[in-house]
Amino acid sequence: MRTPHVTTEVPATPHTAAAHAPAGGRAAPAAPGDPASAGVRTRSQHQRRKRIVQAAAALASRGGVEAMQMRTVAERAGVALGTLYRYFPSKMDLVVAVVGEEIDLLESSIERRPPSSATAAGRAVDVLMRATRGLMREPELADALIRSLIMAEVDTPFGDRMAGLLLRVAGAGLTAETATEEQFALAGSLSSVWVHELLEMLRGRRTYDQIQRRIEIAAERLLADFGPPPST
């Protein structure tokens, strides 16, 4: 479920700008179709989108998804309401984007410090408990996001993205394309167990240690036939 990222272009340096300057030594303004102009617009769009997602997350962390009113998000992000709707046609699109940002952070953490366990189950538990710690830094936001995704009447890619992440880490570099149907289903089942246990903790029915133990048990059963860790 990776939230699409807008590709940014490398800005023109003073050296390259000078190379295209007229005889008078002054650089001409970028034409509408010029790549440099397109790059500036793209970076601006990326920054605007990021502000909107951050504003939505900040509101949800204090008042749940109910606080993510589109007009309020637009005001907090400093954009026009029409601009917000061009980026995110509905509140659920905003919820998915905020969740996507959380998974991006998790993936960055994994890239910096890959799980070192010798077993697929151990690596999966590492990933899911990192995700738990990250979400529980903002428990109201976590509760709002998870509940919204579970109750959503539209298809959201959250489950598939988490399953794909577990496949990659626990399954020796497997992807949704290279994994068998059974492997993908098992990774998805483990992701579903984690979501359920996370909700139980948010409701005060589980402690962090209890969640970890339950996920360890589920991972050991579900991923018993997965392969060794990726070679380094």
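Source: prediction; values computed, not measured.

Caption draft 1: Looking closely at the environment of Ala187. Relative to the assigned elements, Ala187 resides in helix H9 (residues 181-202). Expressed as a C-alpha distance, the spacing of Ala187 and Met162, which sit 25 residues apart in the sequence, is 8.3 Å. If sequence neighbours within four positions are ignored, Ala187 has contacts with Ala163, Leu166 and Leu167.

Caption draft 2: Looking closely at the pattern of salt bridges. The tally for this structure, following the rule as stated, stands at twelve salt bridges. We note a salt bridge from Lys50 to Glu101, for which the minimum N-O separation is 3.8 Å. One end of the pair, Lys50, is in helix H2 (residues 35-63); the other, Glu101, is in helix H5 (residues 91-112), and 51 residues separate them in sequence. Exposure remark for Lys50: the relative accessible area of 39% places this residue in the partly exposed category. For the salt bridge of Glu200 with Arg205, the shortest nitrogen-to-oxygen distance reads 3.4 Å.

Caption draft 3: The arrangement of the nonpolar core in detail. Counting residues in hydrophobic clusters, the biggest one holds 63 residues, and the most contacted among them are Val73, Leu84, Leu94 and Trp194. Mapped onto this core, the elements with two or more residues apiece are H2, helix H3 (70-77), H5, helix H6 (120-136), helix H7 (139-151), helix H8 (158-170), H9 and helix H10 (208-222). Looking at which element gives the most residues to this core, the answer is H5, with ten residues. Leaving out residues up to four positions away in the same chain, Trp194 has contacts with Leu128, Ala131, Thr132, Leu135, Phe158, Met162 and Ile215.

Caption draft 4: View of the UniProt feature "DNA-binding region" (unreviewed entry) in the protein chain. In the numbering adopted here, UniProt assigns the feature "DNA-binding region" (unreviewed entry) to residues 69-88. As annotated, residues 69-88 has a helix share of 75% and a strand share of 0%, and its two end C-alpha atoms lie 12 Å apart.

Caption draft 5: Fine view of the side chain of Gln183. If you trace the backbone, Gln183 turns up in helix H9. A distance of 2.9 Å separates a polar atom in the side chain of Gln183 from the backbone nitrogen of Thr180. Apart from the residues within four sequence positions on either side, Gln183 is in contact with Leu167, Leu174 and Phe226.

Caption draft 6: Fine view of the confidence of the model for the protein chain. Taken residue by residue, the protein chain gives an average pLDDT of 78. The fraction at 70 or more is 76%. Within the protein chain, no element has a lower average pLDDT than helix H1 (residues 14-19), which sits at 38, and none a higher one than H10, at 96. Contacts of residues 1-32 to residues separated by more than four positions or lying in other chains number 40 contacts, the stretch itself having pLDDT below 50.

Caption draft 7: Fine view of the packing of H5 against H8. One way to put it is that H5 packs onto H8 with a least axis distance of 11 Å and a crossing angle of 5°. In terms of their interaxial angle, H5 and H8 are classed as roughly parallel. On H8, the residues touching Val99, Gly100, Ile103, Asp104, Leu106, Glu107 and Ile110 of H5 are Phe158, Arg161, Met162, Leu165, Arg168 and Val169.

Caption draft 8: Structural context of the packing of H5 against H6. Where H5 contacts H6, the two axes come as close as 10 Å, and the packing angle between them is 130°. With respect to each other, H5 and H6 are oriented oblique. At the point where H5 passes H6, the crossing takes the right-handed sense. For the pair formed by H5 and H6, the contact residues are Glu102, Leu106, Ser109 and Ile110 on the first element and Val127, Arg130, Ala131 and Leu135 on the second. When its residues are assigned to classes, the contact of H5 with H6 shows five nonpolar, one polar and two charged.

Conventions and cut-offs
Residues numbered from 1 in each chain as written. Predicted model: local features only at pLDDT ≥ 70, side-chain atom pairs only at ≥ 80, totals over all residues. Heavy atoms only, no water. Helix = DSSP H or I, 4+ residues; strand = E, 2+ residues; numbered from the N terminus. Contact = heavy atoms within 4.5 Å. Salt bridge = Lys/Arg side-chain N within 4 Å of Asp/Glu carboxyl O. Buried < 20%, exposed > 50% of the residue type's maximum accessible area, 1.4 Å probe, protein only. Core = buried A, V, L, I, M, F, W, Y, C linked by side-chain atoms within 4.5 Å. UniProt positions renumbered as here; feature names shortened; annotations may be inferred. Polar contact = N/O pair within 3.5 Å; in protein donor to acceptor, adjacent residues only side chain to side chain. pLDDT = per-residue confidence, 0-100. Axes fitted to C-alpha atoms, helices over the stretch in contact; angles between N-to-C directions. Parallel < 35°, antiparallel > 145°, perpendicular 65-115°, else oblique. Left-handed = near helix turned anticlockwise from the far one by under 90°. Nonpolar A, V, L, I, M, F, W, Y, C, P; charged D, E, K, R; others polar.

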